[in-house]
2 protein chains.
Amino acid sequence: MATIKDVAKLASVSVGTVSRFLNGYTIKEENQTRIEQAIQTLDFKFNPIARGLRTNKTYSVGVLIPRISDIFCTQVIEGIEEVLEPLNYSILICSSNDKLELQREKINFLQNKCVDGIIAMPVTSAEFNVDKVTGNGTPVVLIDRLVKDCELDAVVADNVNGAYLAVEMIINKGHQKIGIIAGPQEIYTAQERLMGYLRALNDYHIEVNEDYIIHTQYKKDGGIDAFHQLISLPDRPTAIFTTNYPITVNTMRLMLEKGLQIGQDVSLCGYDQTELFQMLNPPISVVVQPSKEIGIQAAEILLKRIGGDFSRFPQIQRLKTSLIATDSVKTLF
Amino acid sequence: MATIKDVAKLASVSVGTVSRFLNGYTIKEENQTRIEQAIQTLDFKFNPIARGLRTNKTYSVGVLIPRISDIFCTQVIEGIEEVLEPLNYSILICSSNDKLELQREKINFLQNKCVDGIIAMPVTSAEFNVDKVTGNGTPVVLIDRLVKDCELDAVVADNVNGAYLAVEMIINKGHQKIGIIAGPQEIYTAQERLMGYLRALNDYHIEVNEDYIIHTQYKKDGGIDAFHQLISLPDRPTAIFTTNYPITVNTMRLMLEKGLQIGQDVSLCGYDQTELFQMLNPPISVVVQPSKEIGIQAAEILLKRIGGDFSRFPQIQRLKTSLIATDSVKTLF
DNA sequence: TTGTATGCGTTATCAG
DNA sequence: CTGATAACGCATACAA
């Protein structure tokens, strides 16, 4: 592949001149046309990596997510693209596949001058291996999940309130026996959503039944065991609150398989939105996260940090969720 | 950020020794422990980019897709990850947002020694800007769509047959008036799926009604105009074949809004699978693509090329689709 | 085994 | 405005 050097040779100028031309400085018109010619004939392609080595700027940002198939993640990324694409930033997406070890590797990979900044959704809220975040280090903005003892910018959804409003709605429809399929205890959002559930029960003076609280994985098969446990309880709940997308979908599938009608035999309120949820009969009640907006705000904070502006650090943005209430939660009176 | 040089200084050895140590060569044990110490204290992070500049190997591959929110794309990527992750390759995902210009930029970005190889789903089948593919250039494997006059390895689904089988199923259920919402004429898969539709009609001696063939975008809002056109025809079709995921979902939504019951008032067969399709009432008939398998095979071919094995070039793999037939297509007798 | 020197593609600094 | 050259972080050929 042709380099700036080949171009210089063919155009009979120095590499410096070619570099300056490429970076928009004014050079003698004659040289300019000759360089343009040379670029054409050699089919020269500029190498941003080599530049990055020199300038410590690559005009690219890394995005680290748990899984590429996660609908919430892709919606967030669309928001990030909306901000960064117009500024000609490249976006590199890596997935940690929910593994701490992979997260470490990928962060390392991204941090090494490969990108100017990182937007990351951490695997757990217990650990995040990032060192120098301010100053000369690569800026990092967390999304969706906070990490304990980790001073970083972050944009998250208000999970406590999101869950609270959902459970409150269920209570207001007359339910007292409300099960929750919660995420892993070490994940921030799972902790918060469970807290919202507990607060709602507390505020409405409903006693907490530990049997109704089951933890599961956030991953693809999440909630399958949990649902079975919940449904085979002697005094089973009349409503189930599922706390992320895969859990919600799996629970729906299992109910279907068992011949349980959603909203009749057992009520259901889920988390995260896909248009198909509202096409089902009945449509599914869900907590809707401002996923795209999370991406947008994270990208904006990151740009600020890349630009060297470290005011209000660490800046933690908490965005409101909304609730879609449907007949998937039965009104009991 | 600490470099190999700093480590060398602190460990009182030369950079060469550190480099060799990092690359697994045997060095004097005493030096090894000193280097390990230095790496610890400096929190040294290895920079794979700089190495890539030197070695032309980065142990990373680029994946270019039209949209990150496309369910088909993410499924393909999961297949790619399955192959490449165990080999410690990093995967960089870029999206072209269906824009030729962005595709050009991203391919350029990836090709410049940033990655060892590229797996790409081209925006159109008319153009793909890649130059030296064999030999010293960055290997490229196309997925899902072929490009005219472009000799490249590719893994695609058998779209002609996929569409053919779907339309055949519709015909066998007694339908004669079958509408198709086809993708953009310049996209390979759209051309092939339309061809399958036409062949099926031809084989079953059903006359082609041009009014029943409508082209639309593959993007998010795809099929909305098309559906309105189709449904307001004086002699409207009894069944509609929608040829990708967004078109299918949009059509379903519009039918719901218009109070048309799927499988009763109008029959529907879609393309691409999501578990939720089978939870609807009735479940939706769809052509299922081997999306993950496409990713797996593309990654395997790419690895072969990266390894310098250019046998059977260009290698074009065509994978079979399957069909889920449900009551969303009404049996007319 | 180890250290030294050179090169990868680009930018930045300097003197011309 | 231009050319020459050092520097970025690392790998490697070569000499020691």
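Residues numbered from 1 in each chain as written. Chains lettered and ligands numbered in written order. Predicted model: local features only at pLDDT ≥ 70, side-chain atom pairs only at ≥ 80, totals over all residues. Heavy atoms only, no water.

Considering the interface of chain B and chain A
Then, number 1: Across the boundary between the two partners, chain B contributes 50 residues, which contact 50 residues of chain A.
Then, number 2: Carbon and sulfur atoms make up 59% of the surface buried where chain B meets chain A, a total of about 4,700 Å² over both sides.
Then, number 3: Contact with chain A buries surface across chain B, with Met1, Phe109 and Met279 of chain B losing the most and accounting together for 14% of the total.
Then, number 4: Our enumeration of links across chain B and chain A arrives at two salt bridges. (Contact = heavy atoms within 4.5 Å. Buried area = accessible area lost by both parts, 1.4 Å probe. Salt bridge = Lys/Arg side-chain N within 4 Å of Asp/Glu carboxyl O.)

With respect to the protein's contact with DNA strand D
Then, number 1: Of all residues adjacent to DNA strand D, which total 27 residues, the nearest are Thr17, Ile27 and Asn31 of chain A together with Ile4 and Arg54 of chain B.
Then, number 2: A breakdown of the atoms of DNA strand D within 4 Å of the protein gives sugar and phosphate a share of 66%.
Then, number 3: In this structure, a phosphate oxygen belonging to DNA strand D sits 3.3 Å away from a side-chain N or O atom of asparagine 23 of chain B.
Then, number 4: Arginine 51 of chain B has a polar side-chain atom sitting 3.0 Å from a phosphate oxygen of DNA strand D.
Then, number 5: Taken together, the elements giving at least two residues each to the surface near DNA strand D come down to α2 (15-22) and α4 (48-55) of chain A together with α1 (4-11), α2 (15-22) and α4 (48-55) of chain B.
Then, number 6: The dominant element in the surface near DNA strand D, judged by the number of residues it contributes, is α4 of chain B, at four residues.
Then, number 7: Classifying every residue of the surface near DNA strand D by side-chain character gives eight nonpolar, ten polar and nine charged. (Near = heavy atom within 4 Å. Polar contact = N/O pair within 3.5 Å; in protein donor to acceptor, adjacent residues only side chain to side chain. Helix = DSSP H or I, 4+ residues; strand = E, 2+ residues; numbered from the N terminus. Nonpolar A, V, L, I, M, F, W, Y, C, P; charged D, E, K, R; others polar.)

Looking at unusual backbone geometry
Trans peptide bonds make up the majority, and among non-glycine residues the majority have a negative phi.
Then, number 1: In this structure, the amide linkage connecting asparagine 281 of chain A to the following residue, proline 282 of chain A, adopts the cis form with an omega of -5°.
Then, number 2: With an omega of -10°, the peptide bond running from phenylalanine 313 of chain B to proline 314 of chain B counts as cis.
Then, number 3: Positioned with a positive phi, asparagine 97 of chain B is a non-glycine residue whose angle comes to about 50°.
Then, number 4: By the secondary structure assignment, asparagine 97 of chain B is in the loop between β2 (90-95) and α6 (100-111).

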